[in-house]
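Residues per chain are reported as follows:
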There are 2 protein chains.
Amino acid sequence: MAKAKAAAERREDALSHDRIVEAAIELLDAEGETGLTFRALAERLATGAGAIYWHVANKGELLAAASDAIIGRAMAGVATHASPQKTIRGIALGVFDALDAHPWAGALLSRGPWQTGMLQVLERIGRQLQALGVPERAQFTAASTLVSYIFGESDQNATNGSSHSRTASRDEFLGVLAARWEALDAREFPFLRSIAPRLRHHDDRAEFLAGVDIILAGLAASPRKPRSH
Amino acid sequence: MAKAKAAAERREDALSHDRIVEAAIELLDAEGETGLTFRALAERLATGAGAIYWHVANKGELLAAASDAIIGRAMAGVATHASPQKTIRGIALGVFDALDAHPWAGALLSRGPWQTGMLQVLERIGRQLQALGVPERAQFTAASTLVSYIFGESDQNATNGSSHSRTASRDEFLGVLAARWEALDAREFPFLRSIAPRLRHHDDRAEFLAGVDIILAGLAASPRKPRSH
DNA sequence: ACCTGAACACCGTTCAAGT
DNA sequence: ACCTGAACACCGTTCAAGT
């Protein structure tokens, strides 16, 4: 029985949860969120649409599994032997780049309570905070603040990014955005108008990392922590 | 002509962008995201499904307008005469409570680049940062860090909250979550296991505000301008 | 146990036709 | 200008029937 199953899984045309998720990711990357269809997926897997439901509960679960896989891969590639601060920046950049490359995975946020992908990030961040000497009762708040920021900003960046063609004029996009902000009502939006010019030479990744650093600085400043380093 | 239009708008059965958005919000609040249908909307407005398309481009625009309206109302109710820090907390809580009451509005994040709702929040936060004396070249980074955190955490909280019935056992939900974390693999998730007990007496709003304070502390601690490159 | 594919119950969106 | 509602081109999901 176990032997039969193992043999079936070795056949390259056999369905499996993993193979379905894999195909879903390819479809999502190639055609965007609207490209993921049970019919399209079935065709790609050379099977019937209903067959997929034997391995996967529904579309929501499939999307969640795909998003988790993306985050999981990103976390697997994170260097973890540098200083805690540097490792945290690495984790953050891992999420940022993963969502940038797979913008559809940002929906991960709105899926059920505490998806596995986010739990992985939370775990890794938490460990670094411990290494950093953040007191125990502040660890959860600190970790969850970082995680919320990381996913929030990464998702925002990804959906902005996917609206203009990848290689092409990112600068043009920022220029249009800056012009729009400059055209806002002066009485209602003085702040946005004042910073609009800055939008034109704007480095997403650097800006994102600066935000991480602000939070890290806040952690170092607010509670007392053991003077190590 | 203008007179005829004004008269038509005064008729209570006349369609208009605002009335459509209003009905959409009611539908979304009552039945959740899946409740918003052009057919259901048409029935509620006592008209044909296609009529709505005269006033609204498509479902995406409608959802975006509804989300923006929710944020707009929340911002209108924010007290603005306290200290900058207190005002920022007020703005943050406004978003938090708005998304908690209307969880479907969290999708706002994933909609097009810089929705009006988020721009309003960014503007208000930015002004307070100016009042706080944050140097000009650090203002955008600071404001956008706060906004990303605020929407990220609020959305996360809202989708978690809507999974358990409102009035009923929130504690039960947290208990189940804590138990699940405690059951995680010890080698793979030591951090999550260690903080799981803390989940049981967890105050979402207090935790959320603590995150805001961490960021504010970080801004106060590193008044030096972030390197650009 | 696993797969097939037709069928069901929906959707968003369009558009000729009305007023 | 604005509204109607039938029609089109899809969906996710189910399920009797197959192997």
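Procedures and definitions
Residues numbered from 1 in each chain as written. Chains lettered and ligands numbered in written order. Predicted model: local features only at pLDDT ≥ 70, side-chain atom pairs only at ≥ 80, totals over all residues. Heavy atoms only, no water. Near = heavy atom within 4 Å. Polar contact = N/O pair within 3.5 Å; in protein donor to acceptor, adjacent residues only side chain to side chain. Nonpolar A, V, L, I, M, F, W, Y, C, P; charged D, E, K, R; others polar. pLDDT = per-residue confidence, 0-100. Helix = DSSP H or I, 4+ residues; strand = E, 2+ residues; numbered from the N terminus. Contact = heavy atoms within 4.5 Å. Buried area = accessible area lost by both parts, 1.4 Å probe. Salt bridge = Lys/Arg side-chain N within 4 Å of Asp/Glu carboxyl O.

Draft legend 1. The protein's contact with DNA strand C, seen in detail. Residues in close proximity to DNA strand C total 17 residues, the closest being Thr47 and His55 of chain A together with Arg39, Tyr53 and Lys59 of chain B. Close to the protein, within 4 Å, the atoms of DNA strand C belong to sugar or phosphate groups at a rate of 51%. Lysine 59 of chain B is positioned such that a nitrogen or oxygen atom in its side chain is 2.6 Å from a phosphate oxygen of DNA strand C. Residue composition of the surface near DNA strand C, grouped by class: seven nonpolar, seven polar and three charged.

Draft legend 2. Spotlight on the protein's contact with DNA strand D. Taken together, 17 residues are adjacent to DNA strand D, and Arg39, Tyr53 and Lys59 of chain A together with Thr47 and His55 of chain B come closest. By atom count, sugar and phosphate contribute 52% of the portion of DNA strand D lying within 4 Å of the protein. One nitrogen or oxygen atom from the side chain of tryptophan 54 of chain B is found 3.3 Å from a phosphate oxygen belonging to DNA strand D. Broken down by class, the residue content of the surface near DNA strand D amounts to seven nonpolar, seven polar and three charged.

Draft legend 3. Spotlight on the confidence of the model for chain A. All names here are of chain A. In the predicted model, chain A carries a mean pLDDT of 89, and 88% of its residues have values of at least 70. Averaged pLDDT values for the elements of chain A fall to 43 in helix α1 (residues 2-10) and rise to 98 in helix α9 (residues 190-195). The model gives residues 224-229 a pLDDT under 50, and that stretch makes four contacts with residues more than four places away or in other chains.

Draft legend 4. Quick peek at the interface of chain B and chain A. Facing the 56 residues of chain B at the interface are 56 residues of chain A. Summed over both partners, the interface of chain B with chain A buries about 4,900 Å², with 64% contributed by carbon and sulfur atoms. On the chain B side of the contact with chain A, Phe140, Phe191 and Ile214 of chain B bury the most area, a combined 15% of that side's loss. Where chain B meets chain A, there are two salt bridges. The shortest N-O distance in the salt bridge between glutamate 136 of chain B and arginine 198 of chain A comes to 3.5 Å. At the junction of chain B and chain A, the tally comes to ten residue pairs in polar contact (both at pLDDT 80 or more). Contributing elements (two or more residues each) for the side of chain B that touches chain A: α6 (116-132), α7 (136-161), α8 (170-182), α9 (190-195) and α10 (204-221) of chain B.

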